[in-house]
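What follows is the residue order along each chain.
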Protein chains: 4
Amino acid sequence: MARPRVLVAGASGYAGALAARLLARHPELELGPLTSRSDVGRRLSDLYPHHRVDAVLEELDLDRHGDVDAAIVAYPHGAAAPVVAALRERGAKVVDLSADFRLRDLATYEAWYVPHTAPGLIGEAAYGLTELNRERIAGADLVANPGCFPTAALLALAPLARAGLIADVVIDAKTGVSGAGRAATQTTHFVSVTENVAPYKVGEHRHTPEIDQELAALGAPVPVTFVPHLLPIDEGELASCYVTTSEPVADGALRELYREAYGDEAFVEIVGSPPGVRDVRETNLCRIFTRVEPRTGRAMVFAAIDNLWKGTSSQAIQNLNLMLGLPETAGIEP
Amino acid sequence: MARPRVLVAGASGYAGALAARLLARHPELELGPLTSRSDVGRRLSDLYPHHRVDAVLEELDLDRHGDVDAAIVAYPHGAAAPVVAALRERGAKVVDLSADFRLRDLATYEAWYVPHTAPGLIGEAAYGLTELNRERIAGADLVANPGCFPTAALLALAPLARAGLIADVVIDAKTGVSGAGRAATQTTHFVSVTENVAPYKVGEHRHTPEIDQELAALGAPVPVTFVPHLLPIDEGELASCYVTTSEPVADGALRELYREAYGDEAFVEIVGSPPGVRDVRETNLCRIFTRVEPRTGRAMVFAAIDNLWKGTSSQAIQNLNLMLGLPETAGIEP
Amino acid sequence: MARPRVLVAGASGYAGALAARLLARHPELELGPLTSRSDVGRRLSDLYPHHRVDAVLEELDLDRHGDVDAAIVAYPHGAAAPVVAALRERGAKVVDLSADFRLRDLATYEAWYVPHTAPGLIGEAAYGLTELNRERIAGADLVANPGCFPTAALLALAPLARAGLIADVVIDAKTGVSGAGRAATQTTHFVSVTENVAPYKVGEHRHTPEIDQELAALGAPVPVTFVPHLLPIDEGELASCYVTTSEPVADGALRELYREAYGDEAFVEIVGSPPGVRDVRETNLCRIFTRVEPRTGRAMVFAAIDNLWKGTSSQAIQNLNLMLGLPETAGIEP
Amino acid sequence: MARPRVLVAGASGYAGALAARLLARHPELELGPLTSRSDVGRRLSDLYPHHRVDAVLEELDLDRHGDVDAAIVAYPHGAAAPVVAALRERGAKVVDLSADFRLRDLATYEAWYVPHTAPGLIGEAAYGLTELNRERIAGADLVANPGCFPTAALLALAPLARAGLIADVVIDAKTGVSGAGRAATQTTHFVSVTENVAPYKVGEHRHTPEIDQELAALGAPVPVTFVPHLLPIDEGELASCYVTTSEPVADGALRELYREAYGDEAFVEIVGSPPGVRDVRETNLCRIFTRVEPRTGRAMVFAAIDNLWKGTSSQAIQNLNLMLGLPETAGIEP
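Summary of the structure given here. (Residues numbered from 1 in each chain as written. Chains lettered and ligands numbered in written order. Predicted model: local features only at pLDDT ≥ 70, side-chain atom pairs only at ≥ 80, totals over all residues. Heavy atoms only, no water.)

Describing the relation of the copies chain A and chain C
For the pair chain A and chain C, the superposition axis carries a translation of 0.0 Å, the fit reaches an RMSD of 0.0 Å, and the rotation angle comes to 180°. Overall, the copies show the geometry of a two-fold rotation axis. When C-alpha distances to the rotation axis are compared across chain A, the minimum falls at E195 of chain A, with a value of 4.3 Å. (Least-squares fit on C-alpha atoms with pLDDT ≥ 70 in both.)

What follows is the structure, encoded as structure tokens:
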């Protein structure tokens, strides 16, 4: 039987290029066309030698490209929605890496982003944080892949949220520069980044309503404080979560809560010492450490991921595997 | 009139070596003997070419070295106390970079550190966070220079504390590797640090009781949650402070509170956008940004310093200037 | 049929740990015991979480461990020879990562290193630069894995050497810090390395006689100038080779010479633009760019490898594959 | 007497901004207007907080700005020449940081760069490598500040060149990213640079004819091989020079040659061990190490500078000091 063929729309950015690489080595999927808006005619192996995907980037043409079985869409928010809609019309299953179908409330989306061009599809989309929404994803034709920060933060907070224990939470996140994308700006210039660290979009980052929405769905309807910081690393993301609990929790009980929640997960590691992002670099893993501070009673949870992998592209493959009835770990084993 | 002569005890470590450099270029102080426990006989300019202090490290000999006017002691905690005591006996004014005289409660010190060998001096020591304790420092013969994290955190929190507004606080701190000192360990190995970030000593860092003590003295007797993170930078420290206020504070009022508190300070900058640690690299400056998050009402304060400068050695010079009746900014102008 | 079992002696260092990881995922080899001199009883996954090899390090005991089919020995020079000899006595095939069996002339070895304890085995050892010595390696029971610098330099120079075109050569090499090994020293301290670059062991690096020996064997009996430089990167090595040719060579002819020499190689890429070490990070690849400078007629060859992979551990697997009759690329496909 | 007022044209780039900072703290010069083509109306302290120059960038208007005593022009090549010409017409002394007046042969300039718009001024310009051309610079009204690579390479090679000892030379240079300027490109993107090193413009870099010209003037009319490499550092440059000497030179004699050549120089250090670029970071210093390799007889010279300081802006101040009759070290003491 033919392996499902997967299009990558927007393969010249960091996320799309990595998705192409993972598909090219996937044992049960076939890499379909790679499209780009900025680098048509160039070889992906010239843009990203280390990915070793020797394919030419094409202009997206749904008449020619629309017959794929599935697609990963790696477009900016706003630009993604019409492409996703067109692909869905042609019957392709879609994992969308943008924010366009993550927020279930249209007004919230439009308040934080732009006017939506395909609001009718929002209800169809499953939120693609695999470990927290596996069944819906498996049955979905459209998956809204989470933001990188929500991925780390929600994996860190879900067990506490489901237990009804979150009264208040601060998420101090640290991310590598690849999270800002391939665009060359003063912000991503090496000289601006090296030997530096700074918070950004303080109180204004667009991943905030996404975290709020999913925390509420998990049982913790509290507005979060979420502040990202930019670090001089390329890949990697750490979410340091500080939770005021609604009732006292013992350190051992907290760890047990997490071990139970994630005991069977292939891609979540509960560990006994603080994780570094290098521990999970270039993997689909999330590594979590919990601690209750005796002096304050505060529950602290630290979750490390690779923002481009579990935070974006390898989680897209994980979701695609489910949507297509393949083993969840195919092509992304640690 | 002769300029005061200043000994540096422990000049082969990062902090002592920088103190030596600042003294060597100081317009009103004279660099006295440099001593070392590990590198006697070596030239400081061989260990630290960029400091350009061409002096030989000697073994500390109070009979020969004790006649200085003042001393900066850069020894590890526990080892510092007896040296400080001996220098005080000989009449030298002392700035101690260790933790030995920071905690006013002996039991707290001994619970977090080691048995104290000079407890009688604790009461004499002024806590050396210059901007918050200027008058006591000016009249003191012994100053306990603050830890680098308390320096950033307390400058960030003092105006809120003095206003009685702190109900709860989380301090998520980020530091460069020089904060771990010159000792070569797996933790400071380049390969361990590069492209990595991780929390450490979660809930157990020894700067915690120091922050608690000083916050209480400022009017905020709340135990803090303080978690440091190690970054791939050499110098620089950012304290991200998340404060639950005891009553609502408006964003503009918060900024005004800080501008008033620090308006006349030579070394504190209140800025309108998030600070990066590069902005204050190799200076005695602390750069602070405040923000009240509308969604949660939380007050956020971000303070950036250079952990080796304002966090340690240039603040020691700032204190020494005060103790010796010199202009506070002498030798450390930005 | 049972897969060959492979011991790693010295698995707590960077090279041995990576060899263990590659063996653990190898489709046709079985990871045998892992031994260590410094970390007996610890789990490799604690020392190197990202390698994900969950095995306990043991003390080397040839009575218990000597029945393996093969071994990779990752000991320092001098310490390796007796272990290699003991393993060979028990019949195990050995790839030795040290310098102990690389130099065929005992006096040269002892002049640059230490007295040799197993000189009788020198003649038996094949020099393990796979692409240049494939047949001997396939038939050998003992392979001396090359140094990382000789690997890059010799792959860069072999076609010119075999063509008799090298009259004089300068090799300016740049390496990441992992090349200095796991030992924590002032040299490997993050603060010493970041934002720095310096040459080291100028005119004295021990890889010099190894390059000389092999260049002579290839047809270029000229003493090389070889100078390594330490860079603020963790993995990666670039050999920039400047060759005065014995007769004029055209730019196109030079490239053609290299394409012919390496056209069938799975792990050598001849490319049309200067290689970066990121292009080959965590692969067994060597990426080569050639250029004849019109103004001077000089032939320039730039070769990029990952010093820990092709420069050490993945090349050891490549050699082991040959020695055991397996496909050369097994377990190390790019 | 009024201090000379100095305009900086092009102050929003790395070089111009640093020149502005050095002028603002200069004891004998007055910082005049700062102009920019891209950031008119912005404060320099917003673009470069760490320089702490609180002045507004203006559009260049020679009617208003042309009455300064001197100017530093920090424009790209081609764009600089007409501005320099206009400033000279108004009588201002000029240090030009571009390449426009470095090459004395018009045809060579136009072959490597662009058509020249002010060829009549070429003959008037002194080549601004201070240590090698001090007298001409002191008497000049127009100084062509050298390229950063020629600065390091020529300081490294001048003593050998003057002694007539250079038969052949390879210059392998390593530079930080600031050398590529402030423009945000894929080349300067953090993700492209970190954990990477690569040669660039192999055999084609525009500093090559400049090095050739000056080496010939010093007595070594040999075409050089010059290859720059881009490193993951922000500031710093190392020139590794490999010289085939026209007659044998002993190691001690080579060092003596350099000590004599530079013994009285305030900004050149001849050292006994290999220099790192950190040793001279943010200084006007050049640090040089020499070695004759016994095996080959090759003379090796390594010179480290900060590409933005001695390689560009602080050398401009050094030259300006001479042109204006001030102490050469004023404002740029190490």
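So much for the structure itself; the text now carries on.
Topic: the nonpolar core
Core analysis: the largest hydrophobic core is formed by 232 residues, its most contacted members being I72 of chain A, I72 of chain B, I72 of chain C together with I72 of chain D. Setting aside residues no more than four positions away along its own chain, I72 of chain C makes contact with V6, L7, V8, A9, A19, L23, V95, L97, A316, I317 and L320 of chain C. (Core = buried A, V, L, I, M, F, W, Y, C linked by side-chain atoms within 4.5 Å. Buried < 20%, exposed > 50% of the residue type's maximum accessible area, 1.4 Å probe, protein only. Contact = heavy atoms within 4.5 Å.)

Remarks on the interface of chain A and chain C
Between chain A and chain C, the contact holds 16 residues from the first and 16 residues from the second. Together, the buried faces of chain A and chain C total about 1200 Å²; carbon and sulfur atoms form 32% of this surface. Contact with chain C buries surface across chain A, with R52, E195 and R278 of chain A losing the most and accounting together for 40% of the total. The tally of links between chain A and chain C comes to four salt bridges. In this structure, the salt-bridge partner of E269 of chain A is R52 of chain C, at a minimum N-O distance of 3.0 Å. For the pair chain A and chain C, the number of links is eight residue pairs in polar contact (both at pLDDT 80 or more). (Buried area = accessible area lost by both parts, 1.4 Å probe. Salt bridge = Lys/Arg side-chain N within 4 Å of Asp/Glu carboxyl O. Polar contact = N/O pair within 3.5 Å; in protein donor to acceptor, adjacent residues only side chain to side chain.)

Quick look at the pairing of strand β2 (residues 30-35) of chain B
All names here are of chain B. As paired elements, strand β1 (residues 5-9) and β2 share four bridges and run parallel to each other. Residue pairing in the sheet places R5 in a bridge with E30 of β2. Handedness of the β-α-β unit built from β1, helix α1 (residues 14-24) and β2 comes out right-handed. (Pairing = 2+ DSSP bridges. Helix = DSSP H or I, 4+ residues; strand = E, 2+ residues; numbered from the N terminus. Right-handed = clockwise from strand over helix to strand, strands pointing away.)

Remarks on the relation of the copies chain B and chain A
It takes a turn of 180° to lay chain B on chain A, together with a shift of 0.0 Å along the axis; the resulting RMSD is 0.0 Å. The share of interface residues of chain B whose copies in chain A are also at the interface is 100%, consistent with both copies meeting through the same surface.

Here's the deal with the packing of helix α1 (residues 14-24) of chain D against helix α11 (residues 309-323) of chain D
Residues and elements named next belong to chain D. Packing of α1 against α11 brings their axes to within 10 Å, and their N-to-C directions diverge by 45°. Put simply, α1 runs oblique to α11. Relative to α11, α1 is oriented so that their crossing is right-handed. For the pair α1 and α11, the contacting residues are A15, L18, A19, R21, L22 and L23 in the first and W309, T312, S313, S314, I317 and L320 in the second. (Axes fitted to C-alpha atoms, helices over the stretch in contact; angles between N-to-C directions. Parallel < 35°, antiparallel > 145°, perpendicular 65-115°, else oblique. Left-handed = near helix turned anticlockwise from the far one by under 90°.)

Here we look at unusual backbone geometry
If you check the backbone angles, K201 of chain A has positive phi at about 45° while not being a glycine. Relative to the assigned elements, K201 of chain A resides in the loop between β8 (198-199) and α9 (207-218).

Comments concerning the sheet that holds strand β4 (residues 93-96) of chain C
The six strands lie next to each other as β2-β1-β3-β4-β6-β5 (chain C), forming an open sheet whose pairing is parallel. A single partner strand is all that each edge strand has here, and the edge strands are β2 (30-35) and β5 (126-127) of chain C.

Re the pattern of salt bridges
Scanning the entire structure with this criterion turns up 120 salt bridges over all chains. The salt bridge partner of D39 of chain D is R182 of chain D, with a shortest N-O separation of 3.2 Å. On the criterion of sequence distance, the pair formed by D39 of chain D in the loop between β2 (30-35) and α2 (44-47) and R182 of chain D in the loop between β7 (166-175) and α8 (190-193) is long-range, its members being 143 residues apart. Across the pair E328 of chain D and R134 of chain D runs a salt bridge whose closest N-O atoms are separated by 2.7 Å. Highlighted residues: E328 of chain D in the segment after α11 and R134 of chain D in helix α6 (residues 134-138), separated in sequence by 194 residues. The exposure class of R134 of chain D is partly exposed, given its relative accessible area of 27%. Through salt bridges with shared partners, one network takes in R52 of chain A together with E269, D279 and R287 of chain C.

Some remarks on the environment of L254 of chain B
Looking at the secondary structure, you find L254 of chain B in helix α10 (residues 251-262). The residues touching L254 of chain B, leaving out its near neighbours within four places in the chain, are L160, V249, T290, R291, V292, A299 and M300 of chain B.

Section: the side chain of E293 of chain B
Within the fold, E293 of chain B resides in the loop between β12 (286-292) and β13 (299-305). For E293 of chain B, a relative accessible area of 1% corresponds to the buried category. There is a polar contact of 2.6 Å between the side chain of E293 of chain B and the side chain of T225 of chain A. A polar contact of 2.5 Å, which involves the side chain of E293 of chain B, links it to the side chain of T296 of chain B. Once residues lying within four places of it in the same chain are set aside, the contact partners of E293 of chain B are G203, V224, T225 and F226 of chain A together with R298 and M300 of chain B.

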